[in-house]
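Each chain, written out:
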Number of protein chains: 2
Amino acid sequence: MIQKLISKIEKTHAPIVVGLDPMLNYIPKQIQEKAFKEYGETLKGAGEAIWQYNKEIIDHVYDLIPAVKPQIAMYEQFGIEGLIAFKKTVDYCKEKDLVVIGDVKRGDIGSTSAAYAVGHLGKVQVGSQKFAGFDEDFATVNPYLGTDGIKPFIDVCKEEKKGIFVLVKTSNPSSGEFQDRLIDGRPLYEIVGEHVAAWGEECMGDKYSYVGAVVGATYPEQGKILRKIMPKAFILVPGYGAQGGKGKDLVHFFNEDGLGAIVNSSRGIIAAWKQEKYAKYGEAAFAEASRAAVEDMIADIDGALKNR
Amino acid sequence: MIQKLISKIEKTHAPIVVGLDPMLNYIPKQIQEKAFKEYGETLKGAGEAIWQYNKEIIDHVYDLIPAVKPQIAMYEQFGIEGLIAFKKTVDYCKEKDLVVIGDVKRGDIGSTSAAYAVGHLGKVQVGSQKFAGFDEDFATVNPYLGTDGIKPFIDVCKEEKKGIFVLVKTSNPSSGEFQDRLIDGRPLYEIVGEHVAAWGEECMGDKYSYVGAVVGATYPEQGKILRKIMPKAFILVPGYGAQGGKGKDLVHFFNEDGLGAIVNSSRGIIAAWKQEKYAKYGEAAFAEASRAAVEDMIADIDGALKNR
């Protein structure tokens, strides 16, 4: 799957991923009203609104981008009905040949971590049959529990040719509370980064590993160091746009080959119609606003990479 | 909810929690066959088998215990159908007046963490209505992202009078890889423990906080230290039984008042019928074996607390 991600990045010249993190207040009124008319102001109505909103955005951007990253929390908050919308979204993106990164940030130990790995990336055995539960291509994973939490994901990745992105240095303001604490003079995120590099050795594609890392766009200096610590890890970079990261801050997340990173924007793309910059599209043409925002993001990042 | 947990512990004399972490190979053949006959060897069939198995165990143990801890990964691996079984289990346990600790180990930032908090402990707004998604009483939370990840849970806990258990020192062999690393001469888990104590000050019940901690039974010495660092935090203690912890190892997780900890056993209870010790019950009476295992666990822990 890392090979597919790379080939799609090369084809689109867009090392970007669109975060499908719907909030009801991003969703234009016409979509909400239609869904509520059909299913009432219910969890099912909310799930339907999210799904229709996602679908229209995907239809308008899928040809420009290699990958999407649905954030499962935004679906899980609506219970089962929200997760049905998540699953529909994953399936539809795969139909459109997009690489799907499930931003699930799961992490547990032993058989429990294996269950998450199977549910999101693999297949579960039921009697004599096997079934995929959510079937994303990549999943994000939390490293706090150590190798016991990561290894079961790696086992499934090897079997299914899928991948993970391990949280290393997250984009939020308080990420330093634990991640920046010094251990033998070096921050915890560097130690985690070294583990990511070691875990990744076990399952390599041609040039990059199936085991990637999450490093926030909001920490470019740390990204520069982590790039060197994990030379063969793809870095998933959240925090572009709405959280403050800009194209020029991101060049050091990439290797010399122009690869090695994929930059996420969520709100900046899916709620573009709410920004002054894209207001001319209006609420009805929200998905065209998203397309324009994708084009601008590609130009920003591609431009920064060419000028480095 | 921490008050309810405490009053139920005092009433049952059982500072224990039964982990509802079903694996298909724990489930007696008669239940699997019935479910597969009705729904086929499908995800729905698996979900039905899990639900019937859980229900029979709950019916046999609910009067002895204060709380249950369903591990969501074991349900999530079966996709939507598994999560429907999770939700049914949560609802049924609440009907039986059990405190439900959702072992979800979620953790993200800002609005995303808020979405998890709302989905598992709170209510989500849909138009003019509000709905609970999964509606557990407590949830386990991963601290790697710092206060940004925890605060949204605390906000929901205050509103709903619910609680969280933050991972501090987990029970698995590799938990030390990051958690034991020394920062200014002290292990990371102590630093996290200090944060748990500080976060907990914000939302106190009478004597204990709504913000608890997870510390593995397999690390009794660390538990002793963490007990002192977080005097007002309830400690959820996994790793009893199958993972190696014993009653006498656990006394230091408790405060002098005999409270402050709740010990989990999963496999040791729900798959008791597979152990030699409880083999006399046979496969058909698996839930009676579970009841006997609960009684033995209460005696072990209560005995250890009395003899300290």
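- An unreviewed UniProt entry lists chain A under the name Orotidine 5'-phosphate decarboxylase, with Fusicatenibacter faecihominis given as the organism.
- In its Catalytic activity (unreviewed entry) section, the UniProt record describing chain A reads: "orotidine 5'-phosphate + H(+) = UMP + CO2".

### Quick look at the overall build of chain A
So, point 1. If you tally the helices and strands in chain A, you get 12 helices and 12 strands.
So, point 2. Computed over its C-alpha atoms, the radius of gyration of chain A comes to 19 Å, within 12% of the 19 Å expected for a compact globule of 308 residues.
So, point 3. Dimensions of chain A, computed from the C-alpha atoms along their principal axes, are close to 60 × 55 × 35 Å.
So, point 4. Within chain A, the proportion of its 308 residues that are buried is 63%.
So, point 5. Accessible surface, chain A as shown: approximately 10700 Å² in total, 50% of it carbon and sulfur.

### Observations regarding the sheet that holds strand E2 (residues 67-70) of chain B
In sheet architecture, strand pairing relies on hydrogen bonds along the backbone and comes in two forms, parallel and antiparallel.
Residues and elements named next belong to chain B.
So, point 1. Pairing in this closed barrel of eight strands is parallel, and the strands run E1-E2-E3-E6-E7-E10-E11-E12 around the ring. Direction aside, the axes of adjacent strands within the sheet are offset by 30 degrees on average.
So, point 2. Relative to strand E11 (residues 235-237), strand E10 (residues 211-215) runs parallel, the two sharing two bridges. Following the sheet pairing, Val214 is matched in E11 by Leu236.

### Here we look at the pairing of strand E7 (residues 163-169) of chain B
Residue and element names in this part refer to chain B.
So, point 1. Here E7 lies mainly inside the structure; seven of its seven residues are buried.
So, point 2. As paired elements, strand E6 (residues 138-141) and E7 share four bridges and run parallel to each other. Each residue of the ladder has a partner; that of Val141, found in E7, is Val166.
So, point 3. Tracing the backbone out of E6, into helix H7 (residues 147-160) and back to the parallel element E7 gives a crossover that is right-handed.
So, point 4. Of the pairings in the sheet, the one linking E7 to E10 comprises five bridges and is parallel in character. Pairing of Lys169 across the sheet is with Val215, part of E10.

Reading guide: rules and limits
- Residues numbered from 1 in each chain as written.
- Chains lettered and ligands numbered in written order.
- Predicted model: local features only at pLDDT ≥ 70, side-chain atom pairs only at ≥ 80, totals over all residues.
- Heavy atoms only, no water.
- UniProt positions renumbered as here; feature names shortened; annotations may be inferred.
- Helix = DSSP H or I, 4+ residues; strand = E, 2+ residues; numbered from the N terminus.
- Rg over C-alpha atoms; globule rule 2.2 N^0.38 Å.
- Buried < 20%, exposed > 50% of the residue type's maximum accessible area, 1.4 Å probe, protein only.
- Areas by Shrake-Rupley, 256 points an atom, 1.4 Å probe, with all protein chains shown as cover.
- Pairing = 2+ DSSP bridges.
- Axes fitted to C-alpha atoms, helices over the stretch in contact; angles between N-to-C directions.
- Right-handed = clockwise from strand over helix to strand, strands pointing away.

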